[in-house]
Amino acid sequence: MNLNEYLEYFKNMQNKEFRWTSTNTEDGNLQMGYPIYDQTILTFIREFKTSDDFDKQYKKTLKAQKIRIKMNQKIVDQVLAIDTIDILKAMLTLIVTSEEVDEGSWARALQEGFLYQVTRALLAKQNEG
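Residues numbered from 1 in each chain as written. Predicted model: local features only at pLDDT ≥ 70, side-chain atom pairs only at ≥ 80, totals over all residues. Heavy atoms only, no water.

Colleague: Describe the packing of helix α2 (residues 39-49) against helix α5 (residues 85-98), listing the residues and the values that go with them.
Modeller: If you want to describe how two helices pack, look at the angle between their axes and the distance between the axes. Interhelical geometry of α2 versus α5 gives an angle of 125 degrees and a closest axis separation of 11 Å. The angle between α2 and α5 falls in the class oblique. Judged by the sense of rotation from one axis to the other, the crossing of α2 with α5 is left-handed. Residues Phe44, Ile45, Phe48 and Lys49 of α2 pack against Lys89, Leu92, Thr93 and Val96 of α5. Within the contact of α2 with α5, the residues separate by chemical class into five nonpolar, one polar and two charged. (Axes fitted to C-alpha atoms, helices over the stretch in contact; angles between N-to-C directions. Helix = DSSP H or I, 4+ residues; strand = E, 2+ residues; numbered from the N terminus. Parallel < 35°, antiparallel > 145°, perpendicular 65-115°, else oblique. Left-handed = near helix turned anticlockwise from the far one by under 90°. Contact = heavy atoms within 4.5 Å. Nonpolar A, V, L, I, M, F, W, Y, C, P; charged D, E, K, R; others polar.)

As structure tokens, this is what we get:
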């Protein structure tokens, strides 16, 4: 997959707000649903999941380097410090699969720059070789 196609998009999505679905419950409370994602991120996720960059063993890859299976700036900084293709791909896989267990995680990964930072580092590493 051509990650370079998405780098500028990831950069531009930092600090952007996302619209969320919402419903009014019977007791009058507003219940938030899930973020409304644009076609670009949905296409990226679909392409990444079927690409050679997707690490089916990402948890094992990360744990081998003593990296917790979490998505936050501290973890991203650890991954960037190790800076190997395998670790960067594993972190991208963690981000891509995180929405399944934590609604809104793609929005957070875009807003906080995790997708941009990891993708930029992976592209730089791939260009070295």
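From this point, the narrative continues.
Colleague: A description of the nonpolar core should follow, citing residues and the corresponding values.
Modeller: Most often, soluble globular proteins keep nonpolar side chains buried together rather than apart. Grouped together as the largest cluster of nonpolar side chains are 39 residues, with contacts concentrated most on Phe10, Ile41, Phe44, Leu62, Met91, Leu110 and Leu115. When contributions to this core are tallied by element, the ones reaching two or more residues are α1 (4-12), α2, α3 (58-64), α4 (73-82), α5, α6 (105-111) and α7 (114-128). Among the elements that make up this core, the one with the highest residue count is α5 (eight residues). Discounting residues that sit within four places of it in the chain, Phe44 has contacts with Met1, Leu3, Tyr6, Phe10, Val96 and Leu115. (Core = buried A, V, L, I, M, F, W, Y, C linked by side-chain atoms within 4.5 Å. Buried < 20%, exposed > 50% of the residue type's maximum accessible area, 1.4 Å probe, protein only.)

Colleague: Lay out the packing of α1 against α2 in plain terms, naming residues and giving numbers.
Modeller: Viewed as axis vectors pointing N to C, α1 and α2 meet at an angle of 135 degrees, and their least axial separation amounts to 11 Å. Considered as vectors, α1 and α2 are oriented oblique to each other. Crossing geometry of α1 relative to α2 is assigned as left-handed. Contacts between α1 and α2 pair Tyr6, Tyr9 and Phe10 from the former with Thr40, Ile41, Thr43, Phe44 and Glu47 from the latter. Classifying every residue of the contact of α1 with α2 gives five nonpolar, two polar and one charged.

Colleague: Kindly report on the side chain of Ser105, identifying the contributing residues and their values.
Modeller: Relative to the assigned elements, Ser105 resides in helix α6. Take Ser105: its relative accessible area is 1%, and that puts it in the buried class. Not counting the four nearest positions on each side in its chain, Ser105 is found in contact with Tyr37, Met71, Ser98 and Glu99.

Colleague: Explain the packing of aromatic side chains to me, and be specific about the residues and the numbers.
Modeller: Per the counting criterion, the structure on display carries eight aromatic pairs. Aromatic pair Phe10 and Phe44: ring centres 4.9 Å apart, planes at 85 degrees, arrangement edge-to-face. Placement of the pair is Phe10 in helix α1 and Phe44 in helix α2, with a sequence separation of 34 residues. With respect to burial, Phe10 and Phe44 carry one shared label: buried. Note on Phe18 and Tyr37: the rings are 5.7 Å apart at their centroids and 70 degrees apart in plane angle, and the pair reads as edge-to-face. Taken together, the residues span a long stretch of sequence, with Phe18 in the loop between α1 and β1 (20-24) and Tyr37 in the loop between β2 (30-35) and α2 at a distance of 19 residues. With relative accessibility at 12%, the residue Phe18 sits in the buried group. Each residue in the set Tyr6, Tyr9, Phe10, Phe44, Phe48 and Phe54 is aromatic and connected to the rest through ring pairs, giving one cluster. (Phe/Tyr/Trp six-rings, centres within 6.5 Å; stacked < 30°, edge-to-face > 60°.)

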